[in-house]
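Each chain, written out:
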Amino acid sequence: MATPTTFTVKNVDAAQLATTTGTLYTVPTTTNGAQITSIKLVNATTTPADAHIYLVNSGGTAGDANILCKDFSVPADGLPYELITPESPVFLESAGTIQGKADTASAITYHISVVEFN
């Protein structure tokens, strides 16, 4: 792979996790990949809720082989819990996805930051 020359910093729109596994972010096919610099989960309800987050390379499916967290109990305190930090980023190839779900509807909001590179 050639050395990247263009870097695009992006904050993915925040949204709530659904109760079925869905795509939270897709690395554009027009890039060579993305560095995931932050994934935060926030539970603003009054009871803990479980989250499941997957890092899926192109052509893969969400499952135990590519899980970032499984049954992660997000406390009901309204504080952000970081799964990935800028100090320990992970990478996804072009067309890779971040997927996730919650066990409780309308409980957990996610925030994702990435750096896409060409």
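Everything discussed here concerns the structure shown above.
Okay, so let's go over this structure. (Residues numbered from 1 in each chain as written. Predicted model: local features only at pLDDT ≥ 70, side-chain atom pairs only at ≥ 80, totals over all residues. Heavy atoms only, no water.)

### Describing the nonpolar core
Ranked by internal contacts, the top residues of the largest apolar core, which has 24 residues, are Leu17, Tyr25, Ile36, Ile98, Ile108 and Ile112. Contributions of two or more residues to this core are made by β2 (22-26), β3 (33-43), β4 (49-56), β5 (67-74), β8 (97-102) and β9 (108-117). When residues no more than four places from it in sequence are discounted, the contact partners of Ile112 are Lys10, Asn11, Val12, Leu24, Tyr25, Ile36, Ser38, Ile39 and Ile98. (Core = buried A, V, L, I, M, F, W, Y, C linked by side-chain atoms within 4.5 Å. Buried < 20%, exposed > 50% of the residue type's maximum accessible area, 1.4 Å probe, protein only. Helix = DSSP H or I, 4+ residues; strand = E, 2+ residues; numbered from the N terminus. Contact = heavy atoms within 4.5 Å.)

### A look at the sheet that holds β4
Taken together, four strands build an open sheet; the order of strands is β2-β8-β4-β5 and the sheet is antiparallel. Each having just a single partner strand, β2 and β5 make up the two edges of the open sheet. Averaged over all pairs of adjacent strands, the angle between strand axes in this sheet comes to 20°, irrespective of strand direction. Bridge analysis of β2 against β8 gives four bridges, and the strand direction is antiparallel. In the strand pairing of β8, Gly22 is matched with Gly100. (Pairing = 2+ DSSP bridges. Axes fitted to C-alpha atoms, helices over the stretch in contact; angles between N-to-C directions.)

### Description of the pattern of salt bridges
All chains considered together, the criterion is met by two salt bridges. Across the pair Glu116 and Lys10 runs a salt bridge whose closest N-O atoms are separated by 3.3 Å. Residue Glu116 is found in strand β9, and its partner Lys10 is found in strand β1 (residues 7-16); the two are separated by 106 residues along the sequence. Exposure remark for Lys10: the relative accessible area of 34% places this residue in the partly exposed category. Among the salt bridges present, the one from Lys70 reaches Asp64, with a minimum N-O distance of 3.0 Å. Of the residues examined, Lys70 reaches a relative accessible area of 47% and is grouped as partly exposed. Residue classification places Asp64 among the exposed residues on the basis of a relative accessible area of 54%. (Salt bridge = Lys/Arg side-chain N within 4 Å of Asp/Glu carboxyl O.)

### A few points about the environment of Thr8
Mapped onto the elements of the fold, Thr8 is located in strand β1. Residue Thr8 is classed as partly exposed on the basis of its relative accessible area of 36%. A sequence separation of 78 residues divides Thr8 from Pro86, and the C-alpha atoms of the two residues are 15 Å apart. Excluding residues that lie within four positions of it along the chain, Thr8 makes contacts with Val114, Val115 and Glu116.

### A look at unusual backbone geometry
Phi is positive for Asp71, which is not a glycine, with a value near 55°. Position of Asp71 relative to the elements: it lies in strand β5.

### Here's the deal with the environment of Ser58
Looking at the secondary structure, you find Ser58 in the loop between β4 and β5. Classification of Ser58 as partly exposed rests on a relative accessible area of 38%. In this structure, the C-alpha to C-alpha distance between Ser58 and Thr26, residues 32 residues apart in sequence, is 9.3 Å. Look past the residues within four positions of Ser58 in its chain and what remains in contact with it is Glu93, Ser94, Ala95 and Gly96.

### Re the environment of Thr19
Relative to the helices and strands, Thr19 resides in the loop between β1 and β2. Along the backbone, Thr19 and Gly78 are 59 residues apart, and their C-alpha atoms lie at a distance of 19 Å. For Thr19, the contacting residues outside a window of four places in its chain are Lys101, Ala102, Asp103, Thr104 and Ala105.

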